[in-house]
Amino acid sequence: MEYVLKASRLTKKYKNSKALDGLTMHVEKGAIYGFVGKNGAGKTTLIRIICGLQRPEGGEYEVYGVKNSDKEIIQARRRMGAVIETPSIYLEMSAEENIREQYRILGLPSFDGISELLELVGLAGTGNKKAKNFSLGMRQRLGIAVALAGSPDFLVLDEPANGLDPQGIIEIRELILRLNREYQITVLISSHILDELSRLATHYGFIENGRIIKEISAKELEAVCRKCMRAEVTSTVVLSRVLERLGMEYTVVSDTQADIYGKVSITDLALELSKEGCEVRSVHERDESLESYYVSLMGGGRDE
Ligand SMILES: Nc1ncnc2c1ncn2[C@@H]1O[C@H](COP(=O)(O)OP(=O)(O)OP(=O)(O)O)[C@@H](O)[C@H]1O
């Protein structure tokens, strides 16, 4: 497996609060990695660290196999483009001028490729219009174009859909998918808009209190979700006891309902439950969404 980013036991403190608390994560080459977590979980801190804007206090990370302690990390980071928090654009400049400025900053030998870049992000027709007169979605796309100026093969986007209207969200989604599929760009995208991420991500990393509590591929997630059964019984106390005995993974939803993960024989389950005087009222397959998976994952977490 080839990884674009590997982080291991990263720690970062601000005064007394731990923003990263032993974070370990793996972004596979070619992935669209959905980096999911509540506000304050540590997403931006991780992104700032891998972009070289902050130093971790402990742990290490690798970009394209180059450790953060190696001198070559600077070259490895040139393969990354990032939009962190708000896009870094000059509001008094047009889209083209913004990209030209970035070419200058990067010391690129020519201005080749600027019109293609504008075309790619859907800003080709904006002419002399200044970025301050752009919609939020256009600014976000311009930010992505600026991040793409050095032809990176790893793009890092911090909450790119934040504040966008539905049309803006669709445009960003289509752009990200295109960059990934047509240009083979690996994408790390932080978001708490789960529904939106589920249309994009090939992998997920769930972060809570500065730690990744689960990494899972979209395929694995689909399999887990498909196998979820919602059982309605007379007592989930008894059901939990039986499921524990059978070694099944489950989440209690209410006094009478629970979700059971993995393969389950309804006959065996009903038989075991009836021995303890518990009746099965109904069992049906549930198409668990990313959101309910997230809630069940975070439900067991600490909230300090
Ligand atoms: N410059 C700073 N000084 C002090 N504390 C900070 C600073 N930056 C972040 N923090 C704290 O570190 C923790 C992690 O913040 P971070 O911005 O990385 O989270 P996040 O997951 O990106 O959240 P959000 O989605 O709100 O941006 C939070 O508790 C935050 O308050």
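Residues numbered from 1 in each chain as written. Predicted model: local features only at pLDDT ≥ 70, side-chain atom pairs only at ≥ 80, totals over all residues. Heavy atoms only, no water.

Caption draft 1: Spotlight on the packing of aromatic side chains. Tallied over the full model, the rule gives 5 aromatic pairs. Measuring from centroid to centroid gives 5.9 Å for Tyr-204 and Phe-206, while their planes differ by 15°, and the two rings are stacked. Classification of Tyr-204 as buried rests on a relative accessible area of 3%. Aromatic side chains Phe-206 and Tyr-293 sit 5.7 Å apart centroid to centroid with 55° between the ring planes, which places their arrangement in the tilted category. Of this pair, Phe-206 sits in strand β9 (residues 203-208) while Tyr-293 sits in helix α11 (residues 290-299); the two residues are 87 residues apart in sequence, bridging distant segments of the chain. For the pair Phe-206 and Tyr-293, one class covers both residues: buried. An aromatic cluster of three or more residues is present, and its members are Tyr-204, Phe-206, Tyr-293 and Tyr-294. The lysine or arginine in question, Arg-79, covers the ring of Tyr-64, its NZ or CZ lying 3.5 Å from the ring centre. Of note, Arg-100 hangs over the ring of Phe-111, and the distance from its end group to the ring centre comes to 4.4 Å. (Phe/Tyr/Trp six-rings, centres within 6.5 Å; stacked < 30°, edge-to-face > 60°. Buried < 20%, exposed > 50% of the residue type's maximum accessible area, 1.4 Å probe, protein only. Helix = DSSP H or I, 4+ residues; strand = E, 2+ residues; numbered from the N terminus. Lys NZ or Arg CZ within 6 Å of the ring centre and 35° of its normal.)

Caption draft 2: Fine view of the site of the ligand. Neighbouring the ligand are Tyr-14, Ala-19, Lys-38, Asn-39, Gly-40, Ala-41, Gly-42, Lys-43, Thr-44, Thr-45 and Glu-159. Between an oxygen atom of the ligand and a main-chain N or O atom of Gly-42, the distance comes to 2.9 Å. Interatomic distance of 2.6 Å between a side-chain N/O atom of Thr-44 and an oxygen atom of the ligand. For the ligand, whose free accessible area comes to 630 Å², the fraction covered by protein is 58%. The leading source of residues in the shell around the ligand is helix α1 (residues 43-50), at 3 residues. When the residues that make up the shell around the ligand are grouped by side-chain class, the tally is 3 nonpolar, 5 polar and 3 charged. (Near = heavy atom within 4 Å. Polar contact = N/O pair within 3.5 Å; in protein donor to acceptor, adjacent residues only side chain to side chain. Areas by Shrake-Rupley, 256 points an atom, 1.4 Å probe, with all protein chains shown as cover. Nonpolar A, V, L, I, M, F, W, Y, C, P; charged D, E, K, R; others polar.)

Caption draft 3: Region of the structure containing the sheet that holds strand β14 (residues 280-285). Read across the open sheet, the 4 strands follow the order β12-β13-β11-β14; overall the sheet is antiparallel. The sheet is open, and its two borders are formed by β12 (249-252) and β14, each paired with just one other strand. When the angles between neighbouring strand axes are averaged without regard to direction, this sheet yields 20°. The pairing of strand β11 (residues 229-233) with strand β13 (residues 257-261) spans 4 bridges and is classified as antiparallel. Following the sheet pairing, Arg-230 is matched in β13 by Asp-259. Contacts between helix α10 (residues 266-275) and the sheet are confined to β11, β13 and β14, with β14 contributing the most and set at about 155° to the helix. (Pairing = 2+ DSSP bridges. Axes fitted to C-alpha atoms, helices over the stretch in contact; angles between N-to-C directions. Contact = heavy atoms within 4.5 Å.)

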